[in-house]
Amino acid sequence: MGGLIEDYVFHRDFSKTYPIITHGKGIYLYDKNGKKYMDACSGAVAANLGHGVEEIAEAIAFQAKQAAFVHTMRFETEVLFQLAEKIALLAPDTLNKVYFTSGGSEANESAIKLARQFHKDAGRPEKHIVIGRWQSYHGNTFGSLSAGGDIKRRQTYTPSLINFNHVYSPNCKRCPYQREKEDCDHKQNWSCVRDIESVINEIGPENVSAFIAEPIVGSQLGAVSPPEDYFKEIRKICDYYNIVLIVDEVMTGFGRTGKDFGIQHFGIVPDIITFGKGVSAGYAPLAGMIVHDRIVDSLIENSKGKFVHGYTYSGHPVSVAAGLSVLTIYERDRIVNNVQLAGDYLKQQLFALKYRCPIIYDVRGEGLLLGIELAIDGEKGTPFPENLHASERINSIAMELGAVFYPGSGSINGYLGDHILITPPLNVTTGEIDEMIRVLESSLNIFIEELKEEEAYEITK
Ligand SMILES: Cc1ncc(COP(=O)(O)O)c(C=O)c1O
């Protein structure tokens with residue numbers, strides 16, 4: 001065995017040691033030493049019903065005993081039809097066909113390929129370029145990474161990435177186009193929208209296949225919503241230039257933001273919705289895309305019904321059974337309703353915390369996709385230096401204290417700007433939220449004390 005490494009696991013980060021989790025119940029995870037962690041971020045905004053839900057485990061076990069695997073090139077299963085129907089009924093009326101993958105990256109990969117095949121087979125063979133957005137994340141496979149705009153994740157692979165184009169994601173509090181809010185009162189002047197048209201015209205509309213965006217930017221910006229009519233403008237542009245609009249709901253889908261899908265906050269219908277995480281609440285790897293009728297009709301008419309794509313585990317029966325059980329629980333327990341109530345309560349508590357804590361610059365997000373942005377100076381928003389790793393450090397302190405949050409950085413320019421996502425399971429209670437806020441506040445205070453001891457930065461408000 002190489003070096004100092006004493007086990008056979010290719011760890012996520014070899015410089016760290018991770019607690020070994022033996023079991024979980026509700027919002028809590030327990031490690032092998034008996035330490036309890038409150039899962040205040042649902043893992044990676046995935047474990048949306050918390051841990052140890054027996055009903056889901058039983059559905060998984062039942063399907064595994066019935067038929068654990070069939071290949072969707074040869075066979076299908078009842079659960080596949082049942083879950084596809086449930087998902088399609090939640091989606092806008094004109095999105096009616098559901099394609100399954102194992103993860104969100106694969107879902108976006110599939111959407112990018114479907115958009116390309118749709119154009120090519122319909123006689124628009126030049127259309128192949130995807131326009132994505134800086135500081136948005138769509139996954140770690142080459143296609144999804146190329147479409148996304150997370151500089152730190154892209155950098156190592158830049159020479160191999162596909163030459164897709166990018167515009168900035170709107171972030172009005174820190175406008176990447178340096179606009180003041182008053183400048184933006186007339187929508188025609190929105191730089192974040194007009195830039196898209198400039199890019200389309202520069203590369204030639206005949207070359208542009210798809211535009212991809214998260215409705216509310218999760219891990220990269222820390223729960224930033226666009227201005228109210230942004231997506232309406234995007235929809236018009238995509239219609240005008242015949243560009244497939246892919247909305248990435250891997251993080252926002254299935255109630256996370258207080259609506260079934262995040263895009264429903266913005267009153268438009270996309271051409272493809274990709275989803276993941278919450279669809280199976282983390283109980284099995286499951287993701288996919290919901291596709292507009294016009295794309296499916298074209299596939300039937302122009303491509304002999306065949307999407308040139310597929311994975312061994314597309315529509316895996318055990319994962320699909322997990323998804324079916326999870327969606328049944330969301331519906332039965334009126335989970336979206338709880339997200340609205342608990343989300344309002346959590347947001348109020350975060351605003352109150354901002355008032356007490358000198359290093360919170362912003363509180364934002366919808367439903368239970370909430371974030372805080374951290375800064376040396378909570379009023380002006382002066383960012384912490386990148387090498388301080390502020391959000392990571394605060395999360396490590398929180399883990400010592402028994403809660404885990406979702407830290408992130410780079411929200412200002414890809415490097416600077418620390419934020420923390422607070423995204424508990426969708427069935428969280430107000431009592432659990434109170435405990436979560438107590439741990440978060442203690443962690444922030446300990447971090448501030450550490451900085452004072454290090455005499456590195458003067459905290460002011
Ligand atoms: C918006 C968004 N899209 C895509 C992905 C990639 O999903 P996965 O990690 O399941 O491949 C993520 C994961 O965090 C995400 O948040």
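Residues numbered from 1 in each chain as written. Predicted model: local features only at pLDDT ≥ 70, side-chain atom pairs only at ≥ 80, totals over all residues. Heavy atoms only, no water.

(A) View of the pattern of salt bridges. For the structure shown, the criterion picks out 21 salt bridges. Here Glu-55 ties to Arg-332 by a salt bridge, and the two come within 3.0 Å at their closest N and O atoms. Placement of Glu-55 in helix α2 (residues 54-67) and of Arg-332 in helix α10 (residues 317-332) is noted, with a sequence separation of 277 residues between them. Overall, the relative accessible area of 34% leaves Glu-55 in the partly exposed class. Judged by relative accessible area, Arg-332 falls into the partly exposed class, the value being 47%. Its salt-bridge partner being Glu-450, residue Arg-393 comes within 2.9 Å of it at the nearest N-O pair. A residue pair is termed long-range when its members are at least 10 positions apart, and Arg-393 in helix α12 (residues 390-401) and Glu-450 in helix α13 (residues 430-454) qualify at 57 residues. (Salt bridge = Lys/Arg side-chain N within 4 Å of Asp/Glu carboxyl O. Helix = DSSP H or I, 4+ residues; strand = E, 2+ residues; numbered from the N terminus. Buried < 20%, exposed > 50% of the residue type's maximum accessible area, 1.4 Å probe, protein only.)

(B) Structural view of the side chain of Ser-169. Its place among the elements puts Ser-169 in the loop between β6 (165-168) and α7 (191-203). A polar atom in the side chain of Ser-169 sits 2.7 Å from the backbone oxygen of Trp-134. Ignoring sequence-local partners within four residues, the contact set of Ser-169 consists of Arg-133, Trp-134, Gln-135, Ser-136, Pro-176, Val-217 and Leu-221. (Polar contact = N/O pair within 3.5 Å; in protein donor to acceptor, adjacent residues only side chain to side chain. Contact = heavy atoms within 4.5 Å.)

(C) Spatial organisation of the pairing of strand β8 (residues 244-249). Most of β8 is tucked away, with 6 of its 6 residues classed as buried. Here β8 shows a buried face lined by Val-244, Ile-246 and Asp-248 and a second buried face lined by Leu-245, Val-247 and Glu-249. Examined bridge by bridge, strand β7 (residues 208-213) and β8 share 4 bridges and lie parallel to one another. In the strand pairing of β8, Ala-210 is matched with Val-244. Assessed by its sense of winding, the connection that carries the chain from β7 through helix α8 (residues 230-241) to β8 is right-handed. Judged from the 4 bridges that link them, β8 and strand β9 (residues 272-275) form a sheet pairing that is parallel. Counted as the bridge partner of Asp-248 is Thr-274 from β9. (Pairing = 2+ DSSP bridges. Right-handed = clockwise from strand over helix to strand, strands pointing away.)

(D) Expanded view of the domain arrangement of the chain. Here the chain is described as being made up of domain 1 (55-332) and domain 2 (334-454). Look at where the C-alpha atoms of domain 1 and domain 2 centre, and you get two points 27 Å apart. With 30 residues of domain 1 at the contact, the number on the domain 2 side is 32 residues. Both faces combined, the contact of domain 1 with domain 2 buries some 2,500 Å², and carbon together with sulfur accounts for 52% of it. Of all residues in domain 1, Lys-152, Arg-174 and Arg-256 give up the largest surface area on contact with domain 2, accounting jointly for 28% of the area buried on that side. Linking domain 1 with domain 2 are 2 salt bridges, by the criterion used here. For Glu-373, the salt bridge goes to Arg-174, with nearest N and O atoms at 2.6 Å. Our enumeration of links across domain 1 and domain 2 arrives at 21 residue pairs in polar contact (both at pLDDT 80 or more). For the side of domain 1 that touches domain 2, the elements supplying multiple residues, two or more each, are α6 (151-154) and α10. For the side of domain 1 that touches domain 2, the element with the most residues is α10, which contributes 4 residues. (Domains from an automatic or database assignment. Buried area = accessible area lost by both parts, 1.4 Å probe.)

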